[in-house]
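Close look at the chain arrangement
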Amino acid sequence: MPLPGPTAAEHSKRVVAHIVAEITRADGWIPFDRYMQLALYAPELGYYMAGAHKFGDSAAGGDFITAPEISPLFAQALARQFAQLFEQVPSRIVEFGAGSGALASDLNTALSMRGVALESYSIVEVSPDLMDRQRQRLQGTPVDWLSAPPTEFRGVMLANEVLDVMPVKLFVKRGNVTFERGVVIGPDGGFAFDERRANDVLASAVTAIEAEHGALPDGYASEVSLLAESWMRSSAQWLARGALVVIDYGFPQREYYHPQRLMGTVMCHFRHHAHSDPLWMAGLNDVTAHVDFSAMAAAAHDAGLNVLGYTSQAHFLLNCGVLDQLQAQHTPQSSGALHRLVSEAEMGELVKVLMVGRGVQGPLIGFTRGDRLHSL
Ligand SMILES: C[S@@+](CC[C@H](N)C(=O)[O-])C[C@H]1O[C@@H](n2cnc3c(N)ncnc32)[C@H](O)[C@@H]1O
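Quick caveat, the model's predicted, so the values are computed rather than measured. (Residues numbered from 1 in each chain as written. Predicted model: local features only at pLDDT ≥ 70, side-chain atom pairs only at ≥ 80, totals over all residues. Heavy atoms only, no water.)

Topic: the overall build of the chain
Per the secondary structure count, the chain includes 14 helices and 18 strands. Once the C-alpha set of the chain is aligned to its principal axes, its extents read approximately 60 × 50 × 40 Å. Buried positions account for 56% of the 376 residues belonging to the chain. Sequence-distant contacts, at least 24 apart, represent 76% of the contacts inside the chain between residues at least 6 apart. Roughly 16100 Å² of accessible area belongs to the chain as shown, and the carbon and sulfur atoms make up 52% of that amount. In the chain, which carries 28 positive and 40 negative side-chain charges, the distance between the mean positions of the two groups comes to 2 Å. (Helix = DSSP H or I, 4+ residues; strand = E, 2+ residues; numbered from the N terminus. Buried < 20%, exposed > 50% of the residue type's maximum accessible area, 1.4 Å probe, protein only. Contact = heavy atoms within 4.5 Å. Areas by Shrake-Rupley, 256 points an atom, 1.4 Å probe, with all protein chains shown as cover. Lys, Arg positive; Asp, Glu negative; His and termini not counted. Charge placed at Lys NZ, Arg CZ, Asp CG, Glu CD.)

Some words on the nonpolar core
Leu78, Phe82, Leu107 and Leu341 are the most contacted members of the largest nonpolar core, which totals 53 residues. No other element matches the nine residues that helix H4 (residues 73–85) contributes to this core. Here leucine 78 is in contact with Leu103, Leu107, Leu158, Ile247 and Phe316, once residues within four sequence places are set aside. Counting residues in hydrophobic clusters, the runner-up holds 41 residues, among them Leu130, Phe191, Val266 and Leu279. (Core = buried A, V, L, I, M, F, W, Y, C linked by side-chain atoms within 4.5 Å.)

So, the sheet that holds strand S14 (residues 273–275)
One open sheet holds the three strands; their spatial order is S14-S13-S15, and the pairing between them is antiparallel. Two strands in the sheet have a free side with no partner beyond their single neighbour: S14 and strand S15 (286–288). Direction aside, neighbouring strands of the sheet carry axes that sit 25° apart on average. As judged from the three bridges shared by strand S13 (residues 267–270) and S15, these two strands associate in the antiparallel manner. The partner of cysteine 268 across the bridge, within S15, is valine 287. (Pairing = 2+ DSSP bridges. Axes fitted to C-alpha atoms, helices over the stretch in contact; angles between N-to-C directions.)

Description of the site of the ligand
Of all residues adjacent to the ligand, which total 19 residues, the nearest are Tyr48, Thr66, Gly97, Glu125 and Asn160. The side chain of threonine 66 places a nitrogen or oxygen atom 2.6 Å from an oxygen atom of the ligand. The separation between an oxygen atom of the ligand and a polar main-chain atom of glycine 99 is 3.2 Å. Against a free-state accessible area of 590 Å², the protein chains account for coverage of 93% of the ligand. The residue makeup of the shell around the ligand, split by class, is twelve nonpolar, five polar and two charged. (Near = heavy atom within 4 Å. Polar contact = N/O pair within 3.5 Å; in protein donor to acceptor, adjacent residues only side chain to side chain. Nonpolar A, V, L, I, M, F, W, Y, C, P; charged D, E, K, R; others polar.)

Observations regarding the packing of aromatic side chains
Inspection of the entire model under this criterion finds 16 aromatic pairs. Pairing tyrosine 47 with tyrosine 48 gives two aromatic rings, centres 5.1 Å apart and planes at 85°, and the pair type is edge-to-face. Classification of tyrosine 48 by relative accessible area gives buried; the value is 9%. Summarising the aromatic geometry, the rings of phenylalanine 82 and phenylalanine 86 are spaced 6.2 Å apart at their centres and angled 80° between planes, so their arrangement reads as edge-to-face. Phenylalanine 82 sits in the buried class, given a relative accessible area of 0%. With relative accessibility at 13%, the residue phenylalanine 86 sits in the buried group. (Phe/Tyr/Trp six-rings, centres within 6.5 Å; stacked < 30°, edge-to-face > 60°.)

Written as structure tokens, this is what we have:
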């Protein structure tokens, strides 16, 4: 693992002090989701709220790379699906968590190349630091920023790699009892995990998973994203007519809570090194957890939306004609980028696309082959 430079290490010390103060105020224990919230989103301190470079190659100081950062081919394929949706709903887009603004920029270009005149493109972003970067990158494009999700929206909403950075609750099974993992200050003054009996909300969430997929073995540790589920439920209030497209690392619940996946899916990224210790260098790492797509689809469905499609990123992009796009602009770089987007060993299979909505008729181009709705 590379070591952070002195400025970054100093920054992490400030983040740690902030979290230590909160743990102390909370009588020595905070639940992991609160720790993750602070490490990623504490104002002016958290990973997404301070100046860390985050996106792109490690040579440029980045920690991880997302599909829109890899190639405009991603936006070009999405544009084909969006153009089809815009035959049924107003040509308005709301993008959640727009990162560096790469997707917004490329999607605007790709849609205009397809002759789609957008009525609006709005971004909902929690990070003031990233919002500044987006404003710089998107100067001259007709993009605006909303301080909260709109309600009664008609159009298409999009969240690429946003649900996997929503704070999760960690649990562990001991005997027949569900415990919640939280964070304490360890004997050496650093952070350590500590378990408490889970409250009713978390215990019932785990009971529901076991009722569906069988009892989890003793010592089994994983996570549930109650926040992402409530975000999906809220989408039913946001969408009067249209679709929400969620793209992220994840799988159906049966796979998520497979008895052999004993340690959950929490994964951190620092300078392109993936590791599984979210307590290391708070504020300098991206902290993620895979998305339980069955839970996301169920939350949207229970709140009144239709589940329109679910497939892998590879199938989605290929269905949307990404190979035709590649042919039109073929270079060694662009074919390498396509490989990263669709290869099973890279993002193609690990990342999934879920579409939910209201008042939208299929068949939808992105799900023509390889739709896996049955697996949710
Ligand atoms: C991993 S980055 C992905 C950025 C971009 N979508 C991409 O694919 O490159 C996560 C983004 O989601 C934002 N974010 C996290 N939680 C959010 C929320 N509840 N609403 C809106 N944005 C959020 C972060 O600030 C960041 O911009």
